[in-house]
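Okay, here's what each chain looks like letter by letter:
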Amino acid sequence: AFVEDIGRAVAQVRAEVAAERDVSLETIAREASQIDDVYRTLQADKADFETHRVAIETELERRWTELKNAQERDKEERAAVEREIREMSQRAAAETQAAALIQ
């Protein structure tokens, strides 16, 4: 009877250990699946972020180019206006001198 009791006790311990092992393996499998899901989400978010970053960078570069072009146009226009003012001033001075000579 004693040997049978020990056999039953050993069998019970083995069953408990097997049950705990099964629960642990299920928990590990569930956690691994969640980790895989989070990893896939992270990779998708990373790809979305990179796409967004490239789009923003491209837009900023386009705007910077537009700004530089506008500044260059403004510079050229300012130079043309200044040249026109100088020419008008020179003509006015010449006309004033001519008028003074006539009198």
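Note that the structure is predicted; figures quoted are calculated from it, not measured. (Residues numbered from 1 in each chain as written. Predicted model: local features only at pLDDT ≥ 70, side-chain atom pairs only at ≥ 80, totals over all residues. Heavy atoms only, no water.)

Participant: Describe the overall build of the protein chain, with residues and values.
Facilitator: A count of helices and strands for the protein chain gives 1 helix and 0 strands. Rg of the C-alpha trace for the protein chain: 44 Å, well past the compact-globule value of 13 Å for 103 residues, more than 25% over. Overall, the protein chain is about 150 × 15 × 10 Å in size when its C-alpha atoms are taken along their principal axes. Residue burial in the protein chain is summarised as follows: out of 103 residues, 0% are buried. Total accessible area computed for the protein chain in this model is approximately 9,500 Å², and 59% of it derives from carbon and sulfur atoms. Both charge centroids of the protein chain, one from 16 positive and one from 24 negative side chains, sit 6 Å from each other. (Helix = DSSP H or I, 4+ residues; strand = E, 2+ residues; numbered from the N terminus. Rg over C-alpha atoms; globule rule 2.2 N^0.38 Å. Buried < 20%, exposed > 50% of the residue type's maximum accessible area, 1.4 Å probe, protein only. Areas by Shrake-Rupley, 256 points an atom, 1.4 Å probe, with all protein chains shown as cover. Lys, Arg positive; Asp, Glu negative; His and termini not counted. Charge placed at Lys NZ, Arg CZ, Asp CG, Glu CD.)

Participant: Could you give an account of a nonpolar patch on the surface, with specific residues and numbers?
Facilitator: Together, F2, V3, I6 and V10 make up an exposed nonpolar region whose accessible area comes to about 410 Å². By the secondary structure assignment, I6 is in helix α1 (residues 2–102). In this structure I6 comes out as partly exposed when scored by relative accessible area, which is 40%. (Patch = residues over 30% accessible without salt bridge, like charges linked within 9 Å, V, L, I, M, F, W, Y side chains within 5 Å. Salt bridge = Lys/Arg side-chain N within 4 Å of Asp/Glu carboxyl O.)

Participant: Can you tell me about the environment of R14, naming the residues and giving the values?
Facilitator: Counting through the fold element by element, R14 comes out in helix α1. When the C-alpha atoms of R14 and A29 are compared, they prove to be 22 Å apart, with 15 residues separating the residues in sequence.

Participant: So what about the pattern of salt bridges? Which residues, and what values?
Facilitator: All chains considered together, the criterion is met by 8 salt bridges. Put simply, R40 and D37 hold a salt bridge, and the shortest N to O gap is 2.4 Å. Of the two residues, R40 and D37 are both situated in helix α1; the distance of 3 residues between them amounts to about one turn of the helix. For E59, the salt bridge goes to R62, with nearest N and O atoms at 2.5 Å. Within this pair, E59 and its partner R62 are both found in helix α1, separated by 3 residues, close to a single helical turn. Residue E59 is classed as partly exposed on the basis of its relative accessible area of 27%. The exposure class assigned to R62 is partly exposed, which follows from its relative accessible area of 39%. In the salt-bridge network here, residues are joined through shared partners; they are E59, R62, R63 and E66.

Participant: Go over the environment of V54 with me, naming the residues and quoting the values.
Facilitator: Examined against the element boundaries, V54 turns out to sit in helix α1. With a relative accessible area of 38%, V54 lands in the partly exposed category. Residues V54 and I35, spaced 19 residues apart in sequence, show a C-alpha to C-alpha distance of 28 Å.

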